[in-house]
Amino acid sequence: MSAIEAHDLGVRYGAVPALDGVTLRVDAGRVTALIGMNGSGKSTLFKAIMGLVRPHSGEVRIGGLTPGAARRRGLISYVPQNEAVDWTFPTSVRDVVMLGRYGHQGFTRRPRRADHAAVADALAQVELTDLADRQIGQLSGGQKKRAFVARGIAQGAHVLLLDEPFAGVDKRSEATITRLLRELAADGRTIFTSTHDLHGLPQLADEAVLLKGHVLLHGTVEDVLQPHQLARAFGLETHSLTAVASLDGVA
Ligand SMILES: Nc1ncnc2c1ncn2[C@@H]1O[C@H](COP(=O)(O)OP(=O)(O)OP(=O)(O)O)[C@@H](O)[C@H]1O
C-alpha cells in the first residue's frame, strides 16, 4: 500500500509563503493527524499531495508516483473542508459516491453492476444507506464528510486525505468518522487527516505531525500533545496551554 513522501516541499501563493522545506513520510496502515494553527499550511499540504498546487521547490510522491499519476490511477482521495464544496449542486449522496467509480467505468461512463455494488457497500460502511437519495446539500456536516469518505472507499483509494473532518460535526458523527478511519487504516490504507480537535487525538491517531509552514515535530500523539510542543505550534505561552490541556483532559 502507498505511503506519502514529501521532500523539501515549498509552496507560495504569489509572494505569500505557505510551506517551506517540508520533509515528511506518512506510512500506510496508520492514522496520521496533521495539527497546526490557522494558516500553518495544512490545506496547502493536502493540495500539494493531490497535485492541486505546484510546489516551487521539492517534490511529493505517493507510492513512488507523482501526485498526477496517483490521481489518474485512483490511488488517492481528498475530503475537502465544507466551504470548498458547492452544496447546491443538484446531485444525490449516491451520485457523489458514484463519482469515485468514474475511473473504473468503461468509455461509455455508464455505471455497471460492480459500480453499483461498490457504491452500496461504501454507503453501508459510512452508515448512509438510508440517506442515499437525498440531495447532498441536505445532509448534516458530519454526514457530508461521511459521503466524501464513501466516495474514496468506492474508488478503492489507498490514500485518504481529510481536511478537518470534525469541523461542525457532533460527537456521534465524530465517533463514527473516527471508527471508520481506524478501520480503513487497519485495512492497510494511508489516512492523513487535519484536525483542530486535540481532545479527540488519542482516540483518532497513531501519530501526529505539528506544522507551522514546516514540520515542527512528527511523533507519537503523546509527544505532540506535550504543552511545550503545542506552544511552539500555536505560539501560546506554555503555562496557558497546560491549563487548557488539563481542563480539557488532553494532558
Ligand atoms: N489561494 C490563496 N492565495 C493566497 N494565499 C493563500 C491562498 N490559500 C492559502 N493562502 C495562505 O497560505 C497560508 C497557508 O494557508 P492554508 O489554507 O494552507 O492554512 P491552513 O493550516 O489550512 O489554515 P486553516 O486551519 O485556517 O484551514 C496562509 O498564510 C494563507 O493565508
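As the structure is a prediction and not an experimental result, all values here were calculated from the model.

1. Observations concerning the overall build of the chain
Working step 1: For the chain, the count of helices and strands is ten helices and nine strands.
Working step 2: Taking 2.2 N^0.38 as the reference for a compact globule, 251 residues should give roughly 18 Å; the C-alpha atoms of the chain span a radius of gyration of 18 Å, in line with that estimate.
Working step 3: In terms of principal-axis extent, the alpha carbons of the chain reach across some 60 × 40 × 35 Å.
Working step 4: Contacts in the chain between residues far apart in sequence, at least 24 positions, make up 67% of those at least 6 positions apart.
Working step 5: Counting every atom, the chain has about 11900 Å² of accessible surface; 51% of that belongs to carbon and sulfur.

2. Comments concerning the pairing of strand E6 (residues 159-162)
Working step 1: Judged by which residues are buried, E6 turns out to be covered on both faces: Val-159 and Leu-161 on one side and Leu-160 and Leu-162 on the other are all buried.
Working step 2: For E6 and strand E7 (residues 190-194), the ladder comprises four bridges, and the chain directions are parallel. Bridge pairing in E7 places Leu-162 opposite Thr-193.
Working step 3: Handedness of the crossover joining E6 and E7 through helix H6 (residues 171-186): right-handed.

3. Quick look at the pairing of strand E5 (residues 76-79)
Working step 1: Along E5, one buried face is formed by Ile-76 and Tyr-78 and the opposite face, lined by Ser-77 and Val-79, is buried too.
Working step 2: Where E5 and E6 come together, four bridges link them in parallel fashion. What sits directly across from Ile-76, in E6, is Val-159.

4. Concerning the sheet that holds strand E1 (residues 4-13)
Across a sheet, strands are paired by hydrogen bonds formed along the backbone, either parallel or antiparallel in direction.
Working step 1: Sheet architecture is open: three strands sit in the order E2-E1-E4, paired in antiparallel fashion. The open sheet is flanked by strand E2 (16-26) and strand E4 (57-62), the only strands paired with a single partner. Across the sheet, the mean angle from the axis of one strand to that of its neighbour is 25°, orientation sign disregarded.
Working step 2: Relative to E2, E1 runs antiparallel, the two being bridged by seven bridges. Considered in E2, the bridge of Tyr-13 is made with Val-16.
Working step 3: Packing of helix H1 (residues 42-50) onto the sheet brings it into contact with E1, E2 and E4, and relative to E1 it is tilted by some 115°.

5. Regarding the confidence of the model for the chain
Working step 1: The share of residues in the chain with pLDDT of 70 or more is 91%, and the mean pLDDT across the chain is 89.
Working step 2: Mean pLDDT values over the elements of the chain span from 50, in helix H10 (residues 238-248), up to 98, in strand E3 (residues 31-35).
Working step 3: Scored below 50 in pLDDT, residues 246-251 shows six contacts in the model against residues more than four places distant or in partner chains.
Working step 4: Prediction confidence for the complex, expressed as pTM and ipTM, is 0.90 and 0.96 respectively.

6. Section: the packing of aromatic side chains
Working step 1: Applying the stated criterion across every chain yields a total of two aromatic pairs.
Working step 2: Their ring planes at 55° and their centres at 6.3 Å tell us that Phe-46 and Tyr-78 sit as a pair that is tilted. Taken together, the residues Phe-46 in helix H1 and Tyr-78 in strand E5 connect sequence positions 32 residues apart.
Working step 3: Ring centres 5.5 Å apart and planes at 80° place the aromatic pair Phe-46 and Phe-192 in the edge-to-face group. Pair noted here: Phe-46 is in helix H1 and Phe-192 is in strand E7, with a separation of 146 residues, a long-range link. Pair check on accessibility: Phe-46 and Phe-192 agree, each one buried.

7. Structural notes on the environment of Gly-213
Working step 1: Mapped onto the fold, Gly-213 is located in the loop between strand E8 (207-211) and strand E9 (215-220).
Working step 2: Apart from residues lying up to four places away in sequence, Gly-213 is in contact with Ala-18, Leu-19, Asp-20, Val-22 and Ser-40.

8. Quick notes on the site of the ligand
Working step 1: Taken together, 13 residues sit near the ligand, with Asn-38, Gly-39, Lys-42, Ser-43 and Thr-44 positioned nearest.
Working step 2: Residue Thr-44 places a side-chain N or O atom 2.5 Å away from an oxygen atom belonging to the ligand.
Working step 3: Gln-81 places a polar side-chain atom, nitrogen or oxygen, 3.1 Å from an oxygen atom of the ligand.
Working step 4: Contact with the protein chains hides 62% of the accessible area of the ligand, taken as 640 Å² for the molecule alone.
Working step 5: Broken down by element, the shell around the ligand gets its largest block of residues, three residues, from H1.
Working step 6: Of the residues in the shell around the ligand, the class split is three nonpolar, eight polar and two charged.

The rules behind these values
- The numbering scheme is per chain: residues are counted from 1 as the chain's sequence reads.
- In keeping with the model being predicted, local features are shown solely for residues with a pLDDT of at least 70 and side-chain atom pairs are shown and tallied solely at 80 or more, while totals for entire chains, interfaces and linings include all residues.
- Derived side-chain values reflect all non-hydrogen atoms in the structure, with water molecules and hydrogen atoms excluded from consideration.
- Each helix is a run of H or I in the DSSP string that is no shorter than four residues. Each strand is a run of E no shorter than two, and both are numbered from the N terminus.
- Atoms counted for the radius of gyration: C-alpha only. Globule rule: 2.2 Å times residue count to the power 0.38.
- Note on contacts: a residue pair is in contact if any heavy atoms of the two residues lie within 4.5 Å.
- In this description, accessible areas are obtained by the Shrake-Rupley approach with a 1.4 Å probe, and a residue is regarded as covered only by the protein chains that are shown.
- Between buried and exposed lies partly exposed: a residue is buried under 20% and exposed over 50% of the maximum accessible area for its type, with that area taken using a 1.4 Å probe on protein chains only.
- Strands pair, by our definition, only if DSSP identifies at least two bridges between them.
- We call a crossover right-handed when, viewed with both strands directed away from the observer, the connection leading from the first strand over the helix to the second proceeds clockwise.
- Fitted lines through C-alpha atoms give the axes, limited to the stretch in contact for helices. The angle between two N-to-C directions lies from 0 to 180 degrees.
- A residue's pLDDT is simply how confident the predictor is in it, with values from 0 to 100.
- When the centres of two rings from Phe, Tyr and Trp lie within 6.5 Å, Trp using its six-membered ring, the rings pair. Their planes under 30 degrees apart give stacked, over 60 give edge-to-face, and anything left gives tilted.
- Residues are counted as near a molecule or strand when any one of their heavy atoms sits within 4 Å of it.
- Residues adjacent in sequence count toward polar contacts only when both atoms are side-chain atoms; beyond that, a polar contact is any pair of N or O atoms within 3.5 Å, and within protein one must be able to donate a hydrogen and the other to accept it.
- Gly falls in the polar group here, along with every residue not listed as nonpolar (Ala, Val, Leu, Ile, Met, Phe, Trp, Tyr, Cys, Pro) or charged (Asp, Glu, Lys, Arg).

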